[in-house]
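Given next are the chains, with one letter for each unit.
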Amino acid sequence: MKILFWGTPVYALASLNALVEVGHELVGVVTQPDRRRGRGKELMASPIKARALELGLPVFTPERIRKDLTCQEQLAALGADAYVVVAFGQILPPTILAQPPLGCWNGHGSLLPRWRGAGPIQWCLLAGDSQTGVGVMAMEEGLDTGPVLLERSLPIGLLDNAHHLAEGLADLTGSLLVEALPLLEQAGPGSQVERWARLGLQSQSEQGMTYARQLVKDDFQLDWSQSGLSLHRKVMGLYPGAHTPWAGKRLKLLATEPLVQRLRDQLSPEARPLADQWGQRPNAGIPFQSHQPDIPHPPLPPMPVPGTVLAIEPGVGLVIATGGCPLLLRSGQLEGKASAKGQSLIQQLAASPGQQFG
């Protein structure tokens, strides 16, 4: 098949490579224009453009495809059978959707209708979903509203971060697109209604629909009054960007574990005994006491302020009070420093019990 590929970030590379490897004819690649990135603000090509140039493919970089009529005409002249879109970054107008005879198809990183929108990987982690997946969806004018042709699920581990999960979903998207394209070819051209009927597509249900809104600057600031589990989800979902103040500098949290005893089996071996020690406490930092009617209980000590360092665990990390069970900080990056974990992080922060984050 002749394919015009639309994509921009690293996430889309696995799909582009998969289509090339199985022998589809790539007639061109559409990607976002070069952007200034890094400390030097140098103009850099998108990962997809860089790979397309390596493959010797024609590259198109419209600033706004909806308004770039010249680019639309150039794309139509390529004669692609189908357009494949993976994280392109712009909404395709009806004039583009109508061009290829076999339609426009999107490799989307969620189990639709959950997490329509631009950030499904981050939001499934932020929400604590137990699974996610990818789908190959027929594109229409709405945002991720088209019917789904194929879908595959992927479990989410408690310690998965957005980078790790994206790698798995990217590979799965590439595999699913390779599986989907022969079905499109077999269904053949025709009107959208006819093609969708031959493929047996059903409209998405609106039940269970959620929207992955665009993340903003304030989303990345940690609020220690939240529970340890909520904070952990934020660290994992916003990897590597969730941060908190420490000693007048910004500290990015890169790896954490919520010391919640009911989640003990999902924690690392190093964190499990800490969950036993801290996770039974009804409030962060308050010792657990079993009920013994015949022995008078002393008053419980006050709950430490959320963000307080409760303990330093040599070789492992820092135990920090939250609005619920404590959080184990295992890896981080202090402003102006390289990332560090375990004992290196402890030494870098020079932390001691009683000090506070935030």
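Remember, it's a predicted structure, so these values are computed and weren't measured experimentally.

A.B. asks: Quick question: what am I supposed to make of the sheet that holds strand E6 (residues 82–86) here?
C.D. replies: Hydrogen bonding along the main chain pairs the strands of a sheet, whether they run parallel or antiparallel. Taken in spatial order, the 7 strands line up as E5-E2-E1-E6-E7-E9-E10 in an open sheet, and their pairing is mixed. Because the sheet does not close on itself, it has two edges, and the strands there are strand E5 (59–60) and strand E10 (148–155). Judged from the 5 bridges that link them, strand E1 (residues 2–7) and strand E2 (residues 25–30) form a sheet pairing that is parallel. Bridge pairing in E2 links Leu4 to Gly28. Across the sheet, helix H6 (residues 162–187) lies against E1, E6, strand E7 (104–108), strand E9 (131–138) and E10, angled at about 155 degrees from E10, the strand it touches most.

A.B. asks: In this structure, what is going on with unusual backbone geometry? I would like to understand it.
C.D. replies: Backbone geometry follows two general trends: most residues other than glycine have a negative phi, and most peptide bonds adopt the trans configuration. In this structure, Pro113 follows Leu112 across a cis peptide bond, with omega equal to 15 degrees. The topology assignment puts Pro113 in the loop between E7 and strand E8 (116–117). Residues Tyr239 and Pro240 are joined by a peptide bond in cis, for which omega reads 0 degrees. Within the secondary structure layout, Pro240 lies in the loop between helix H8 (228–237) and strand E12 (243–246).

A.B. asks: Hey, could you run me through the pairing of strand E15 (residues 317–320) in this one?
C.D. replies: Side-chain positions along a regular strand alternate between the two faces of the sheet. The pairing of strand E14 (residues 309–313) with E15 spans 4 bridges and is classified as antiparallel. Counted as the bridge partner of Ile312 is Leu318 from E15. Bridge count for E15 against strand E16 (residues 327–334) is 3 bridges, and the pairing is antiparallel. Counted as the bridge partner of Ile320 is Leu327 from E16. What sits between E15 and E16 in their antiparallel hairpin is a turn of 6 residues.

A.B. asks: Looking at this structure, I do not really get the nonpolar core. What am I missing?
C.D. replies: Taken as a class, soluble globular proteins show a tendency for nonpolar side chains to be buried jointly. Formed by 43 residues in total, the largest nonpolar core has its most connected members in Ile3, Phe5, Tyr11, Leu19, Val84, Trp105 and Leu149. Sequence-distant contacts of Leu149, defined by excluding residues within four places in its chain, comprise Trp105, Val136, Ala180, Leu183, Leu184, Leu199 and Leu201. If you look at the next biggest cluster of nonpolar residues, it comprises 22 residues, including Val235, Ala242, Leu318 and Ile346.

How each quantity is defined
- Starting from 1, residues in each chain are numbered consecutively following that chain's sequence as written.
- This being a predicted model, a pLDDT of at least 70 is required before a residue's local features are given, and a value of 80 or more before pairs of side-chain atoms are given or counted; all residues contribute to the totals for chains, interfaces and linings.
- Side-chain measures here rest on the full set of heavy atoms in the structure, leaving out hydrogens and waters.
- Should DSSP find at least two bridges between two strands, the strands are regarded as paired.
- Numbering of helices and strands runs from the N terminus; a helix is a DSSP stretch of H or I covering at least four residues, while a strand is a stretch of E covering at least two.
- Contacts were defined at the residue level, with two residues in contact if any of their heavy atoms lie within 4.5 Å.
- As a rule, the C-alpha atoms of each element are fitted with a line to give its axis, helices using only the stretch in contact, and angles between N-to-C directions run from 0 to 180 degrees.
- What is meant by a nonpolar core is a set of buried Ala, Val, Leu, Ile, Met, Phe, Trp, Tyr and Cys residues, joined one to another through side-chain atoms within 4.5 Å.
- Using a 1.4 Å probe on the protein chains alone, a residue whose accessible area is under 20% of its type maximum counts as buried, one over 50% counts as exposed, and one in between counts as partly exposed.

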